[in-house]
Amino acid sequence: MVSLKVPELVPSPAEDAEQLRKAFQGWGTNEALIISILAHRNAAQRKIIRETYAQTYGEDLLKDLDKELSSDFERAVLLWVLDPAERDAFLANEATKRLTSNNWIVMEIACTRSSHDLFVVRQAYHARFKRSLEEDVAYHTSGDFRKLLVPLVTSFRYEGDEVNMTLAKSEAKILHEKISNKAYNDEEIIRILTTRSKSQINATLNHYNNAFGNAINKDLKTDPEDEYLKLLRATIKCLTCPEKYFEKVLRLAINKLGTDEWALTRVVTTRAEVDMQRIKEEYHRRNSVPLERAIDSDTSGDYEKMLLALIGHGDA
């Protein structure tokens, strides 16, 4: 006799909203209840919970969470509850206000989201900040960083698999010539990286590797301390193998003297519903330690519980 697996019933948004309201009442906040609900709902479900909560109680769920929670746990919960486009708009805006290393966050959003998702992020940015993402990126950057980042955030790449091999060969040659001449900020390099589809870029870089004997990022490592070259290499990694890029961000965040909780929280909340399984596999392969164990030994309390729940979010 075949036993059929009964699908787990998810409570209704009204029940979830009611339970969250209860979690905020009485002596102290029931953090475990908050995690048990929010960490196990997808983006569409979380959106309906927020709407239901507002309709039922006349309050903004995000504001109530903000009042009740604190520190890294609060940031993880708030980022997770935001709609993905709102979250990216918030992170990009925050990045433009901080120091130059946060150019990476803008690049990360521009290169690892689909064309449609990036377009929706730009719309969400308009709605929330009454300015465009590109004008803020342009205003807060300069020189080579501005030259690369503004076209990246305004890009609307073709998303299909079709590849033009003749073009891949000719553009691999252009890239090699410019890099050989150390013209790293050349408009042709920027044009290729900011306009071509990810499939086309992969084909071009594969040809580059085969024709010239080196991976492009190896040739871009002439000055390992040059911040623009670091950003350019990270851009290429994000466009071609995002799980390797995110594995490195996590590794650096966890292995730092004093964990970089902002980077850890950002990657977990933005990738949990996208490619976390691939990132976990890459992390294990690269570090010989499961990501769960690394997070477990480096964080604690409700923050740790929230992160662990999220990195298991996409698992069957």
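Computed from a prediction, not measured in an experiment: that's the story for all the values here.

Each value, and the rule that gives it
- Residues numbered from 1 in each chain as written.
- Predicted model: local features only at pLDDT ≥ 70, side-chain atom pairs only at ≥ 80, totals over all residues.
- Heavy atoms only, no water.
- UniProt positions renumbered as here; feature names shortened; annotations may be inferred.
- 1 Å grid on protein atoms, 1.4 Å probe; cavity = no way out; pocket = protein on both sides within 12 Å on 5 of 7 lines; lining within 4 Å.
- Helix = DSSP H or I, 4+ residues; strand = E, 2+ residues; numbered from the N terminus.
- Buried < 20%, exposed > 50% of the residue type's maximum accessible area, 1.4 Å probe, protein only.
- Lys, Arg positive; Asp, Glu negative; His and termini not counted.
- Salt bridge = Lys/Arg side-chain N within 4 Å of Asp/Glu carboxyl O.
- Contact = heavy atoms within 4.5 Å.
- Axes fitted to C-alpha atoms, helices over the stretch in contact; angles between N-to-C directions.
- Parallel < 35°, antiparallel > 145°, perpendicular 65-115°, else oblique.
- Nonpolar A, V, L, I, M, F, W, Y, C, P; charged D, E, K, R; others polar.
- Phe/Tyr/Trp six-rings, centres within 6.5 Å; stacked < 30°, edge-to-face > 60°.
- Disulfide = S-S within 2.5 Å.
- Points joined across faces, edges and corners; volume = space filled by probe spheres on them.
- Core = buried A, V, L, I, M, F, W, Y, C linked by side-chain atoms within 4.5 Å.

Chemist: In this structure, what is going on with the UniProt feature "binding site: Ca(2+) 1" (unreviewed entry) in the protein chain? I would like to understand it.
Modeler: The feature "binding site: Ca(2+) 1" (unreviewed entry), as given by UniProt, occupies Phe24, Gly26, Gly28, Glu68, Ile254, Lys256, Gly258, Thr299 and Glu304 in the numbering adopted here. Taking the farthest pair of C-alpha atoms as the criterion, the annotated set spanning 281 residues is dispersed, since that pair is 38.5 Å apart. Of the residues named above, Lys256 line the largest pocket. Relative to the helices and strands, Ile254 resides in helix 16 (residues 242-255). Here Ile254 falls in the buried class, since its relative accessible area comes to 6%.

Chemist: Sorry, what's going on with the side chain of Asp219 here?
Modeler: Following the sequence through the fold, Asp219 ends up in helix 14 (residues 216-219). Here Asp219 occupies a buried position and makes no salt bridge, while the nearest side chain of opposite charge, Lys218, is found at 7.6 Å. Those residues in contact with Asp219 that sit more than four places away from it in its chain are His176, Ile179, Tyr184, Tyr208 and Asn214.

Chemist: Any chance you could explain the packing of helix 3 (residues 43-57) against helix 4 (residues 61-68) here in plain terms?
Modeler: Packed helix pairs are specified by the crossing angle of their axes together with the interaxial distance, meaning the distance between the axes. Axis separation between helix 3 and helix 4 bottoms out at 9 Å; the angle between their running directions is 90°. As judged from the angle between their axes, helix 3 and helix 4 are roughly perpendicular. The residues of helix 4 that touch helix 3, namely those facing Ile49, Arg50 and Tyr53, are Leu61, Leu62 and Asp64. Split by residue class, the contact of helix 3 with helix 4 holds four nonpolar, no polar and two charged.

Chemist: I would appreciate a short explanation of the packing of aromatic side chains in the present structure.
Modeler: Each aromatic ring pair is characterised by the separation of its centres together with the angle its planes make. Enumeration over the complete set of coordinates arrives at eight aromatic pairs. When the ring of Trp104 is compared with that of Tyr245, the centres are 6.4 Å apart and the planes differ by 25°; the resulting orientation is stacked. One end of the pair, Trp104, is in helix 7 (residues 103-112); the other, Tyr245, is in helix 16, and 141 residues separate them in sequence. For the pair Phe119 and Phe156, a centre-to-centre distance of 6.2 Å together with 80° between the ring planes defines the contact as edge-to-face. Of this pair, Phe119 sits in helix 8 (residues 115-129) while Phe156 sits in the loop between helix 10 (143-153) and helix 11 (165-180); the two residues are 37 residues apart in sequence, bridging distant segments of the chain. Note on Phe119: relative accessible area 38%, which makes it partly exposed. By relative accessible area, which is 59% here, Phe156 ends up exposed.

Chemist: Looking at this structure, how should I read the environment of Arg266?
Modeler: Within the element layout of this structure, Arg266 appears in helix 17 (residues 261-271). Owing to a relative accessible area of 9%, Arg266 belongs among the buried residues under this scheme. Residues Arg266 and Gln25, 241 residues apart in the sequence, show an inter-C-alpha distance of 29 Å. With residues near it in sequence (within four places) discarded, Arg266 still touches Leu91, Ile105, Glu108, Tyr245 and Val249.

Chemist: It is not clear to me how the UniProt feature "binding site: Ca(2+) 3" (unreviewed entry) in the protein chain should be interpreted in this structure. Could you clarify?
Modeler: Summarizing the sequence annotation, UniProt attributes the feature "binding site: Ca(2+) 3" (unreviewed entry) to Asp298 in the numbering used throughout. Within the fold, Asp298 resides in helix 19 (residues 291-298). Residue contacts for Asp298: discarding those within four places in its chain leaves Ile254 and Thr259.

Chemist: Looking at this structure, I do not really get the state of the cysteines. What am I missing?
Modeler: Put plainly, two cysteines are in a disulfide when a covalent bond ties their sulfur atoms together. Scanning the entire structure with this criterion turns up zero disulfides. We note that Cys238 lacks a disulfide partner, and the nearest cysteine sulfur, in Cys111, lies 5.6 Å from it. Of all cysteine sulfurs in the structure, the one in Cys238 sits closest to Cys241, which takes part in no disulfide; the separation is 8.9 Å.

Chemist: Help me understand the layout of surface pockets, please; the structure alone is not making it clear to me.
Modeler: Over the atoms, a rolling probe the size of a water molecule traces out where space has been left empty. In this model, the largest pocket occupies a volume close to 830 Å³. For the lining of the largest pocket, the elements supplying multiple residues, two or more each, are helix 7, helix 14, helix 15 (227-240), helix 16 and helix 17. Its residues assigned to classes, the lining of the largest pocket shows ten nonpolar, three polar and eleven charged.

Chemist: Mind showing me how you'd approach the nonpolar core here?
Modeler: Nonpolar side chains tend toward joint burial in soluble globular proteins. Grouped together as the largest cluster of nonpolar side chains are 90 residues, with contacts concentrated most on Ile34, Leu65, Val77, Met107, Leu264 and Met306. Ranked by the residues each element gives to this core, the list is headed by helix 15, at eight residues. Setting aside chain neighbours within four positions, we find Met306 in contact with Ile35, Ala39, Phe73, Ala76, Val77 and Trp80.

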